[in-house]
Amino acid sequence: MITDQPASDDKAARRAVTVFPVLVLVAGAAGLVSPGAFAGWTSSVPYLLGTVMFCMGLTMTPLDFRGVAKRPWAVAIGLVAHYVIMPGLGWLIAHLLGLPPQLAAGVILVGCAPSGTASNVVTFLARGDVALSVSVATVSTVLAPLVTPPLTLLLAGAYLPVDAGSMMTDILKTVLLPVLGGLLVRLVAGRLVDRVLGLMPWLSSLAVAAIVAAVVAGSAGAIKSAAVSVLIAVVLHNGFGLALGYGVGKATGLGRPASRALAFEVGMQNSGLAASLATAHFSPLAALPAAVFSVWHNISGALVAAWLSHRSRRSRPAPAAAGQALATATAEEA
């Protein structure tokens, strides 16, 4: 059964995608203006990311995985599109712009990251297929330890040395284990978790903002010379990702709502993970593209969603899975 979006859900989703980029912008500005205030925060980045992913696990339910079993073909298309388009675009953009090795590796690493959970909320706002969005985001996160390191090695290895084995271990520790831990807590203490579920997006937002502040502070001295090229790379990366993701959905005959979901699942990344990995395996400067992406993809996603929603509001009702989008919205990603 298909129903209209509840007004309260719509307002909550819009608030999430509005407040989060503002919070991250403020954190980035603070890191740039007063880098000394965040001295030593870099070592805390993996723990902050673990907090974000644990919150994501708390919002998950077995229904997220049942959706994969019901629509394996659509989910497979989304996963292949995500892990082919964004890594390839990252490499191509870094090459065409002639980015220095640290920034090139950072852009590529953003492309190799899994989907961010903010994509679920933006899909909801765009009146897209939320159930498909949740399924693709969930599976791409679970597969990240196996997919992200070899892709990074393949595409970024020409710019900087990449220890794929160590990177895989880090993703297991900071992404998969916290997600599984949160899911287990949800299964064991579901009623208690339901009482505090509304706090999860805000806790995640604060953690991601702290990651951005630490990343910006760590490379504050080099940001002025690199800011323009990084912004251009991020805008191109995200913009082409959104467009190509939508195109894949249309070309494979998945329909308009599913195509909208794939646009955001391809174009929006777990930039918190990319920032953490870049900081640990490359340098704070290499994490700068992830920090900028964290802000920009939420702004662009919200704008594109508003445009798509405006086009279809009168002619096409929203999917019934709207509540699930808000339940899984941990404001990542990053």
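Conventions used here
Counting from 1, residues in each chain are numbered in the order their sequence is written. Predicted model: local features are reported for residues with pLDDT of at least 70 only, side-chain atom pairs are reported and counted for 80 or more only, and whole-chain, interface and lining totals are derived from all residues. Hydrogen atoms and water are omitted, and side-chain values are computed over all heavy atoms in the structure. Counting from the N terminus, the helices are DSSP H or I runs at least four residues long and the strands are E runs at least two residues long. Exposure is judged per residue with a 1.4 Å probe applied to protein chains only, and the accessible area is read against the type maximum: over 50% gives exposed, under 20% gives buried, and values in between give partly exposed. Contacts between residues were defined by any pair of non-hydrogen atoms, one from each residue, lying within 4.5 Å. What pLDDT conveys is the predictor's confidence in a given residue, as a value from 0 to 100. Think of a nonpolar core as a cluster: buried Ala, Val, Leu, Ile, Met, Phe, Trp, Tyr and Cys residues, connected wherever their side-chain atoms sit within 4.5 Å. For this analysis, a salt bridge means a side-chain nitrogen from Lys or Arg found within 4 Å of a carboxyl oxygen belonging to Asp or Glu. Working rule for helices: expected span equals 1.5 Å times residues minus one. With a 1 Å grid laid over protein atoms only, a set of points is called a cavity when a 1.4 Å probe fits there but cannot get out and a pocket when it is open yet has protein on both sides within 12 Å along at least five of seven lines; lining residues have an atom within 4 Å of a point. Grid points are joined across faces, edges and corners, and a volume is the space filled by probe spheres set on the points. For this classification, the nonpolar set comprises Ala, Val, Leu, Ile, Met, Phe, Trp, Tyr, Cys and Pro, the charged set comprises Asp, Glu, Lys and Arg, and every other residue, Gly included, is treated as polar. Only rings of Phe, Tyr and Trp enter the pairing, Trp through its six-membered ring, and a pair is recorded when the two centres are within 6.5 Å. The plane angle decides the type: under 30 degrees is stacked, over 60 is edge-to-face, the rest tilted.

Student: Got a minute to help me understand the environment of Ala207 in this structure?
Tutor: Relative to the elements of secondary structure, Ala207 occurs in helix 10 (residues 200-218). Judged by relative accessible area, which is 5%, Ala207 ranks as buried. When near neighbours in sequence (up to four residues on either side) are disregarded, Ala207 contacts Leu48 and Val52.

Student: Hey, could you run me through the confidence of the model for the protein in this one?
Tutor: Interpretation of this model should avoid reading the predicted coordinates in detail wherever pLDDT is low. Averaged over every residue, the pLDDT of the protein is 83; the share at 70 or more is 87%. A low-confidence stretch, residues 318-334 stays under pLDDT 50, and its non-local contacts, those more than four residues away or across chains, total 69 contacts.

Student: Help me out: how do you make sense of the nonpolar core in this one?
Tutor: Most often, soluble globular proteins keep nonpolar side chains buried together rather than apart. Grouped together as the largest cluster of nonpolar side chains are 64 residues, with contacts concentrated most on Met53, Leu99, Leu109, Ile171, Ile211 and Phe282. Beyond its immediate sequence surroundings of up to four residues, Phe282 is in contact with Gln102, Ala105, Leu109, Thr152, Leu160, Pro161, Val162 and Leu277. With 12 residues, the next largest nonpolar core counts Phe124, Val134, Phe264 and Leu308 among its residues.

Student: Hey, could you run me through the pattern of salt bridges in this one?
Tutor: A pair can form between side chains of opposite charge whenever their charged atoms are brought close. For the structure shown, the criterion picks out 3 salt bridges. Here Asp129 ties to Arg71 by a salt bridge, and the two come within 2.8 Å at their closest N and O atoms. Placement of Asp129 in the loop between helix 6 (118-125) and helix 7 (130-156) and of Arg71 in the loop between helix 3 (62-70) and helix 4 (72-97) is noted, with a sequence separation of 58 residues between them. Across the pair Lys173 and Asp170 runs a salt bridge, and its minimum N-O distance is 4.0 Å. In this pair, Lys173 and Asp170 are both assigned in helix 8 (residues 164-188), 3 residues apart and thus about one turn of the helix distant.

Student: Please clarify how helix 13 (residues 271-281) should be interpreted in this entry.
Tutor: Side chains of residues three or four places apart in an α-helix project in the same direction, reflecting 3.6 residues per turn. Burial analysis of helix 13 places 10 of its 11 residues in the buried class, which makes it a mostly covered element. Regarding helix 13, the residues found buried are Ser271, Gly272, Leu273, Ala274, Ala275, Ser276, Leu277, Ala278, Thr279 and His281.

Student: Would you take a moment to explain helix 4 for this structure?
Tutor: Under the 1.5 Å per step criterion, the end-to-end length of helix 4 is 37 Å for 26 residues, consistent within 8% with the ideal 38 Å. Where helix 4 terminates, the next one or two residues include Gly98, which has phi positive at roughly 60°.

Student: Explain the layout of surface pockets to me, please; I cannot follow it from the model alone.
Tutor: Any space left empty among the atoms is revealed by the rolling of a water-sized probe across them. Taken as a whole, the largest pocket holds about 400 Å³ of empty space. Considering the residues around the largest pocket, the lining is formed by 17 residues, among which Leu25, Leu288, Ala291, Val292 and Val295 are closest to the centre. Elements with a minimum of two residues in the lining of the largest pocket: helix 1 (7-33), helix 10, helix 11 (220-251) and helix 14 (288-312). Among the elements that make up the lining of the largest pocket, the one with the highest residue count is helix 14 (6 residues). For the lining of the largest pocket, the class distribution of residues is 16 nonpolar, 1 polar and no charged.

Student: Looking at this structure, I do not really get the packing of aromatic side chains. What am I missing?
Tutor: Geometry of an aromatic ring pair is reported as the spacing of the ring centres plus the angle between the planes. Enumeration over the complete set of coordinates arrives at 1 aromatic pair. Look at Phe38 and Trp41: their rings are 4.8 Å apart centre to centre, the planes differ by 85°, and that puts the pair in the edge-to-face class. Its relative accessible area of 35% is what places Trp41 among the partly exposed residues.

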